Amino acid sequence: MDQKLKRSRGIGAEDRMSGLPEQVLCSILKNLETTQVVQTSILSTRWRHIWTQVNCFHFCDFPITGPSRKYNTQERLQKNRLVNFVNRVLMIYPLPSMKRLRLHLMHQHSTSDVDSWIWSAIIRNIQELDLFSGMEGPIQLPRFLFTLKSLTILSLKSKIGINNLPESILLPSLNRLHLEDFALADDSVIVRFLSGSPTLEELVLENVRTQALCVSSSSLKRFKINNNAWYNRQEQSCRIVIDAPNLEFLELRDFHTSRIYKVEVKNLDSIANVLLHIVNLCDNAVDVLMQISSVKVLSLPLISVQVNQNLPCLKKLTQLVVTCWEKDGSNFLNILGMAPNLKLLALEKSFGRAIPRGALSDEQCVPECLKSSLERFEWESFQDIEGDMETLEFVLRNAKVLKKVRISAVFYRKKTESEKKLMEKLSRFSNINSIMVSCR
């Protein structure tokens, strides 16, 4: 056979992967699902036992779509295959320690099977545990898990029994806690986790329903709340108290206008990055902003601040991302006024009429950051409407030290004509070093 043809078909080609050290191969394999990892044992003699040295496991079963009779049959077969596979792998696994176990279950499994899998990880001093359950009844976790010294990352999603946790939690090595899709009767679960995790640095709550939440931790550095699930839209209020002196990153997201938030923050002297995307902040957005005076990067929607509201001066703020949801940018100049040393301004979505007509030519209405500090300006989803054009011209005309501009424009009609019109306006500002425009 011609040598070129052999190489094109992979015949006689050099197997560089198998030549890698076993430690490197294990590092690559640990990112795959365990079924794929085990399948590598048939590649060659060298690969036969490498999978047994991989200390990270990912088991999952996903529902099969199709006609109901076929669906039930295949679902049952798939579930049985998974049970047998997990049992065999964990029984053969020779190492005394386990770094990571991801167990994502959609089908109904027996409690004894699930318990044995979790216990297999516990007795091997599991470091990272990621559990997701779509089963009918909640998985009740072994109480010994909540006193495990080796656990560094714990991720619990959906139908996991966390409302019946032991009164005493002691996880001395826990660094990251992620809870997703839970309804909490009160905040006692979070309080117990925080009080029993002295080294916790990151807390993520995603679609967690509760009416009160107290987050008090001296070790916490990153805290995220994200409530965007379609089923989580009932009208309710939520009071959040955050007392974390070493917190560096705070993210609060909830786009549902029916839910009212009352946020209290204390001792956030180390905060540097804040993303505050809550539609209804119960008129206390200013109170929150006053408590984060050290923030350097801030992202917030215009709707969170009322028109003509007295905002605090954030002298350390250098990067600001502003989102507009209702094409009413009347708070735009007010928000820019609180950042006299701003270096980067990024706008998201169309702002409509963000600059009142009376302010377009009024020198006194120009924020200080445009006159002296703004160097980069970005606009995502800019539209060819009168209000957006006026806002763009206002910023470019008054930003005296601006160096870079990036605009991503959305044109729904007459794209070529609109793009040409935009480029003509931008060409007038020859003092700007770099202008990038993308259109869609």
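This text gives an overview of the structure that appears in the document. As the structure is a computational prediction, the values presented were derived from the model and not from experiment.

## Details of the overall build of the protein
- Along the backbone of the protein there are 11 helices and 20 strands.
- A total of 440 residues make up the protein; the buried ones form 48% of that total.
- Contacts spanning at least 24 positions in sequence make up 63% of the contacts within the protein whose residues lie at least 6 apart.
- In the form shown here, the protein has an accessible surface area of approximately 22100 Å², with 49% of it arising from carbon and sulfur atoms.

## Description of the packing of aromatic side chains
- Scanning the model with the defined rule gives seven aromatic pairs in all.
- Considering the side-chain rings of Phe-57 and Phe-59, the 6.0 Å spacing of their centres and the 10° angle between planes classify their relative orientation as stacked.
- Using a relative accessible area of 2% as the deciding quantity, one classes Phe-57 as buried.
- Between Phe-377 and Trp-379, the aromatic rings sit 6.2 Å apart at their centres with planes inclined by 75°, giving edge-to-face as the arrangement. Across this residue pair, the class does not change: Phe-377 and Trp-379 are buried.
- Put simply, the rings of Phe-57, Phe-59, Phe-85 and Tyr-93 touch in pairs and so form one group of aromatic residues.

## Examining the nonpolar core
- Formed by 123 residues in total, the largest nonpolar core has its most connected members in Phe-59, Phe-223, Leu-298, Leu-320, Leu-345 and Phe-377.
- When residues of this core are assigned to their parent elements, the largest contribution, six residues, is made by helix α4 (residues 68–92).

## Thoughts on a nonpolar patch on the surface
- A contiguous nonpolar surface patch, about 340 Å² in accessible area, is contributed by Trp-119, Ile-123 and Phe-144.
- By secondary structure assignment, the location of Phe-144 is in the loop between β4 (139–140) and β5 (153–158).
- Of the residues examined, Phe-144 reaches a relative accessible area of 44% and is grouped as partly exposed.

## Section: the pattern of salt bridges
- Under the criterion given, the structure shown has 15 salt bridges.
- Across the pair Arg-100 and Glu-128 runs a salt bridge whose closest N-O atoms are separated by 3.0 Å. Taken together, the residues span a long stretch of sequence, with Arg-100 in strand β2 (residues 100–105) and Glu-128 in strand β3 (residues 128–133) at a distance of 28 residues.
- Accessibility expressed as a relative area gives 13% for Arg-100, which makes it buried.
- On the accessibility criterion, Glu-128 (15% relative accessible area) is buried.
- Three or more residues joined by partner-sharing salt bridges are found here, namely Arg-376, Glu-378, Glu-380 and Arg-406.

## Regarding empty space enclosed by the protein
- What the rule picks out here adds up to two cavities of 30 Å³ or more.
- Looking at the lining of the largest cavity, the elements with two or more residues in it are β8 (202–209) and β11 (237–243).
- If one sorts the elements of the lining of the largest cavity by residue count, β8 sits on top with three residues.
- In terms of residue class, the lining of the largest cavity is built from seven nonpolar, four polar and two charged.
- Taken as a whole, the second largest cavity spans an internal volume of roughly 30 Å³.
- Contributing to the lining of the second largest cavity are Thr-34, Val-37, Trp-51, Val-54, Cys-56 and Phe-57.
- For the lining of the second largest cavity, the elements supplying multiple residues, two or more each, are α3 (34–39) and β1 (56–61).
- Of the residues that constitute the lining of the second largest cavity, the class distribution is five nonpolar, one polar and no charged.

## Overview of the sheet that holds strand β13 (residues 260–266)
- One open sheet holds the three strands; their spatial order is β9-β11-β13, and the pairing between them is parallel. The sheet is open, and its two edges are formed by β9 (212–216) and β13, each paired on a single side. Pairs of neighbouring strands in the sheet enclose a mean axial angle of 10°, with direction left out of account.
- The sheet contact formed by β11 and β13 spans seven bridges and is parallel. Paired with Ser-237 across the two strands is Ile-260, which belongs to β13.

## Let's talk about the packing of helix α10 (residues 386–398) against helix α11 (residues 415–426)
- Close contact between α10 and α11 brings their axes to 11 Å; oriented N to C, the two are set at 20°. Put simply, α10 runs roughly parallel to α11. The handedness of the crossing between α10 and α11 is right-handed. Residues Met-389, Leu-392, Glu-393 and Leu-396 of α10 lie in contact with α11, whose contacting residues are Lys-421, Leu-422, Lys-425 and Leu-426.
- Of the residues belonging to the contact of α10 with α11, the class tally is five nonpolar, no polar and three charged.

## A few points about unusual backbone geometry
- Residues other than glycine seldom take positive phi values, yet Asn-207 does so here, at roughly 55°.
- Of note, Asn-207 is situated in strand β8.

## Some thoughts on the pairing of β5
- Counting buried residues in β5 gives five out of six residues, a clear majority hidden from the surface.
- Sheet topology note: the β3/β5 ladder contains six bridges and is parallel. Considered in β5, the bridge of Glu-128 is made with Ile-153.
- The pairing of β5 with strand β7 (residues 176–183) spans five bridges and is classified as parallel. From the neighbouring strand, Leu-154 faces β7, where its bridge partner is Leu-177.

Rules of the game
- Residues numbered from 1 in each chain as written.
- Predicted model: local features only at pLDDT ≥ 70, side-chain atom pairs only at ≥ 80, totals over all residues.
- Heavy atoms only, no water.
- Helix = DSSP H or I, 4+ residues; strand = E, 2+ residues; numbered from the N terminus.
- Buried < 20%, exposed > 50% of the residue type's maximum accessible area, 1.4 Å probe, protein only.
- Contact = heavy atoms within 4.5 Å.
- Areas by Shrake-Rupley, 256 points an atom, 1.4 Å probe, with all protein chains shown as cover.
- Phe/Tyr/Trp six-rings, centres within 6.5 Å; stacked < 30°, edge-to-face > 60°.
- Core = buried A, V, L, I, M, F, W, Y, C linked by side-chain atoms within 4.5 Å.
- Patch = residues over 30% accessible without salt bridge, like charges linked within 9 Å, V, L, I, M, F, W, Y side chains within 5 Å.
- Salt bridge = Lys/Arg side-chain N within 4 Å of Asp/Glu carboxyl O.
- 1 Å grid on protein atoms, 1.4 Å probe; cavity = no way out; pocket = protein on both sides within 12 Å on 5 of 7 lines; lining within 4 Å.
- Points joined across faces, edges and corners; volume = space filled by probe spheres on them.
- Nonpolar A, V, L, I, M, F, W, Y, C, P; charged D, E, K, R; others polar.
- Pairing = 2+ DSSP bridges.
- Axes fitted to C-alpha atoms, helices over the stretch in contact; angles between N-to-C directions.
- Parallel < 35°, antiparallel > 145°, perpendicular 65-115°, else oblique.
- Left-handed = near helix turned anticlockwise from the far one by under 90°.

Take it as geometry only, folks, not as evidence of what the structure does.
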